[in-house]
Amino acid sequence: MKRFPAFDPPEYVTWSPDPELVSRYSETVRIDGARQEIIAGLDTRTLEGIYLDLVRTRHLDTGLKRWVRQGILSKAWLGTGEEAVTVGSVHPLRRDEDVVCPMIRNAGACHMMGMELADLFRGYLATPDAPSGGRDLHVGQLDRGVIQPISHMGTNVPVLAGVALAFRIRGERRVALTWIGDGATKTGECHEGLNLAAVKDLPVIFILQDNGVALGTRADQHGAGELDQWGEMYGISTWHADGNHVLDVLAATTLAARRCREGRGPAMVVARTFRMGGHATHDEREARATFPPELFEWWGRRDPIGLYEEWLVGQGMERGRLEALENDVLAEVEAAAREALTSRDLPVVPEHALFEGVSQGCVSAPLEARPL
Ligand SMILES: Cc1ncc(C[n+]2csc(CCOP(=O)(O)OP(=O)(O)O)c2C)c(N)n1
Ligand SMILES: [Mg+2]
């Protein structure tokens, strides 16, 4: 894929495939028979779709970072390096009926569920036509099955357990899914939500997105135990996946979703990955001081998009085809950013921001638009 020296982490700018990692990527596909079967069932169009979702997610970050450099934004929260966790876990969901609640590093889930890229940019600009009506940069859209998170970590867990409880009571075979950062595992809400989901067998999937850091605090500073068996402690069936391997995450989440739809939920997928930048763009230097350069190098060699590209090429995909797909995405993201910028001309009516939609709980889509 295209590398941008001005925006990409340096490890990605100079990225070239490590033959050993490329071969290990293929081995991971074959380790588990059930996962292998799921991956073997993905046709070319679907594999290209996964590539588009990954690249769209990366270039949404590129667009936001460009805005930061241009002074349009003061900072942006990026998911660079963690794209495979988001794309792999949303892919198995049914876009017209399942519900997600993404953390700020899961922006890819929003466009995968059907939200407009321009709306994701507008969320940052706080324009009156942004999904939150300009009130918050966290965005969601109920009629696309995306619940807007709030900033408080861990609160998404009981909310999604509640959504899944509603599915259960109505006898619907729908699935709720949310992500939990390693830092968020330390919150009380998270514990309460997981426990409720487990004792009620709710159809909810928790993706434990362990990037080894919470803001500027390393995982070994914020927790003494291992997170690998954390879900099982609550009685939640757990799969482990390589967080930088989109197909592995996809296959594990497919199995988790099957379990939920059979009424045997909840389920957890533990995926280790790494944040290739700061908590947000303002503290990249701090992040580089938090971890040794070797760790950035180690994870940098495991760029989830670079490795997926190599796997696709190994399957017979033409590099020219990948380039063409990426060029389409770049044009799409650029157009979305341009469109969002025009929203800055809209008049802001503070009364609307204060009162509109409050009684309905959502500005952009009244609850009736898509009953939960
Ligand atoms: C309850 C709560 N405490 C503190 C914060 C401040 N805060 C925002 S993000 C963050 C770290 C989150 O870490 P993690 O859950 O691992 O997610 P990551 O940022 O690594 O994706 C913290 C401490 C918050 N938003 N909510
Ligand atoms: Mg974290």
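Coordinates for the structure precede this section.
Before going into details, it helps to say that this report is about the structure given with it.

A separate point is the overall build of the protein chain. For the protein chain, the count of helices and strands is 17 helices and seven strands. Its C-alpha atoms give the protein chain a radius of gyration of 20 Å, within 12% of the compact-globule value 21 Å for 372 residues. In terms of its C-alpha atoms, the protein chain occupies a principal-axis envelope of roughly 55 × 50 × 45 Å. Expressed as a percentage of the 372 residues in the protein chain, the buried residues total 55%. Pairs at least 24 apart in sequence give 77% of the contacts found in the protein chain among residues at least 6 apart.

The residue Glu309 is located in helix H15 (residues 304-314) in this model. Glu309 has contacts with Met1, Tyr51 and Leu322, leaving out every residue within four places of it along the chain.

Ideal geometry at a metal centre gives angles of 109.5 degrees when four donors are arranged tetrahedrally and 90 or 180 degrees when six donors are arranged octahedrally. Coordination of the magnesium ion (ligand 2) by the protein is provided by Asp182 (OD), Asn211 (OD1) and Val213 (O), with metal-donor distances spanning 2.0 to 2.2 Å. All donors of the magnesium ion (ligand 2) come from a single chain, and their spacing in sequence reads D-x28-N-x1-V. Taken together, the residues Asp182 in the loop between strand S2 (176-181) and helix H9 (188-199) and Asn211 in the loop between strand S3 (204-210) and strand S4 (213-214) connect sequence positions 29 residues apart. Just as Asp182 is buried, Asn211 falls in that class too.

Summed over the entire model, instances satisfying the criterion amount to nine aromatic pairs. Ring geometry for Trp230 against Tyr234: centres 5.8 Å apart, planes inclined by 80 degrees, an arrangement best described as edge-to-face. On the accessibility criterion, Tyr234 (17% relative accessible area) is buried. Both rings, one in Phe274 and one in Phe296, keep their centres 5.0 Å apart while their planes meet at 80 degrees; by these two values the pair is edge-to-face.

For the rest of this paragraph, the subject is the sheet that holds S2. Taken in spatial order, the five strands make up an open sheet running S1-S2-S3-S7-S6, and their pairing is parallel. Taken across any chain shown, the strands that pair with only one partner, and hence form the sheet edges, are strand S1 (99-101) and strand S6 (237-242). Sheet twist, expressed as the mean angle between neighbouring strand axes with direction ignored, is 20 degrees. Note that S2 and S3 share six bridges and pair parallel. The residue of S3 that forms the bridge with Leu177 is Ile205.

Turning to the packing of helix H5 (residues 83-90) against helix H12 (residues 246-261), a few remarks are in order. Between H5 and H12, the shortest axis-to-axis distance is 7 Å and the interhelical angle comes to 35 degrees. Pair H5 / H12 crosses with right-handed handedness. Mapping the contact onto sequence places Ala84, Val85, Val87, Gly88 and Ser89 in H5 and Val246, Val249, Leu250 and Thr253 in H12. By residue class, the composition of the contact of H5 with H12 is six nonpolar, three polar and no charged.

Right, let's get into H15. Residues lying three or four places apart along an α-helix face the same way, a consequence of the helix completing one turn every 3.6 residues. Counting buried residues in H15 gives nine out of eleven residues, a clear majority hidden from the surface. Gly316 lies just past H15 and shows a positive phi near 105 degrees.

Following both chains from N to C, one finds helix H4 (residues 44-70) and helix H7 (residues 117-125) inclined at 35 degrees, their axes separated by 11 Å at the closest point. As for the relative orientation of H4 and H7, their crossing is right-handed in sense. Of the residues in H7, those touching H4 at Arg56, Leu60, Gly63, Leu64 and Trp67 are Leu117, Leu120, Phe121, Tyr124 and Leu125. Across the contact of H4 with H7, the residue classes tally to eight nonpolar, one polar and one charged.

A few words now on the pattern of salt bridges. Within the structure shown, the criterion is met by 23 salt bridges. Taking the shortest distance from any N to any O, the salt bridge between Glu97 and Arg94 comes out at 3.6 Å. Note on Glu97: relative accessible area 23%, which makes it partly exposed. The closest approach of N and O atoms between Arg174 and Glu172, which form a salt bridge, is 3.2 Å. Glu172 gets classed as partly exposed once you look at its relative accessible area, which sits at 29%. Taken together, the shared-partner salt bridges in this structure form one network comprising Arg3, Arg58, Glu83 and Asp303.

In the vicinity of ligand 1 lie 13 residues, with Arg105, Gly183, Ala184, Asn211 and Val213 positioned nearest. Between ligand 1 and Met153, the relevant distance is 3.1 Å, taken from a nitrogen atom to a main-chain nitrogen or oxygen of the residue. In isolation ligand 1 has 590 Å² of accessible area, and contact with the protein removes 71% of it. Its residues assigned to classes, the shell around ligand 1 shows five nonpolar, six polar and two charged.

Our next topic: the environment of Leu142. Its place among the elements puts Leu142 in the loop between H7 and helix H8 (156-170). Relative accessible area serves as the criterion here: at 9%, Leu142 is assigned to the buried category. Measuring from C-alpha to C-alpha, the distance between Leu142 and Arg301 comes to 37 Å, with 159 residues separating the pair along the chain.

Counting buried positions along H7 yields nine of nine residues, so the element is predominantly enclosed. Taken together, the buried positions of H7 are Leu117, Ala118, Asp119, Leu120, Phe121, Arg122, Gly123, Tyr124 and Leu125. Looking at the packing, one finds that the buried side of H7 touches H4, helix H6 (107-113) and helix H16 (319-342). Just downstream of H7, Ala126 is the residue with a positive phi angle, here 55 degrees.

Conventions we followed
- Residues numbered from 1 in each chain as written.
- Chains lettered and ligands numbered in written order.
- Predicted model: local features only at pLDDT ≥ 70, side-chain atom pairs only at ≥ 80, totals over all residues.
- Heavy atoms only, no water.
- Helix = DSSP H or I, 4+ residues; strand = E, 2+ residues; numbered from the N terminus.
- Rg over C-alpha atoms; globule rule 2.2 N^0.38 Å.
- Buried < 20%, exposed > 50% of the residue type's maximum accessible area, 1.4 Å probe, protein only.
- Contact = heavy atoms within 4.5 Å.
- Donors = N, O, S within 2.8 Å, 3.2 Å for Na, K, Ca; no water.
- Phe/Tyr/Trp six-rings, centres within 6.5 Å; stacked < 30°, edge-to-face > 60°.
- Pairing = 2+ DSSP bridges.
- Axes fitted to C-alpha atoms, helices over the stretch in contact; angles between N-to-C directions.
- Left-handed = near helix turned anticlockwise from the far one by under 90°.
- Nonpolar A, V, L, I, M, F, W, Y, C, P; charged D, E, K, R; others polar.
- Salt bridge = Lys/Arg side-chain N within 4 Å of Asp/Glu carboxyl O.
- Near = heavy atom within 4 Å.
- Polar contact = N/O pair within 3.5 Å; in protein donor to acceptor, adjacent residues only side chain to side chain.
- Areas by Shrake-Rupley, 256 points an atom, 1.4 Å probe, with all protein chains shown as cover.

These values are about where atoms sit, not about what they do.
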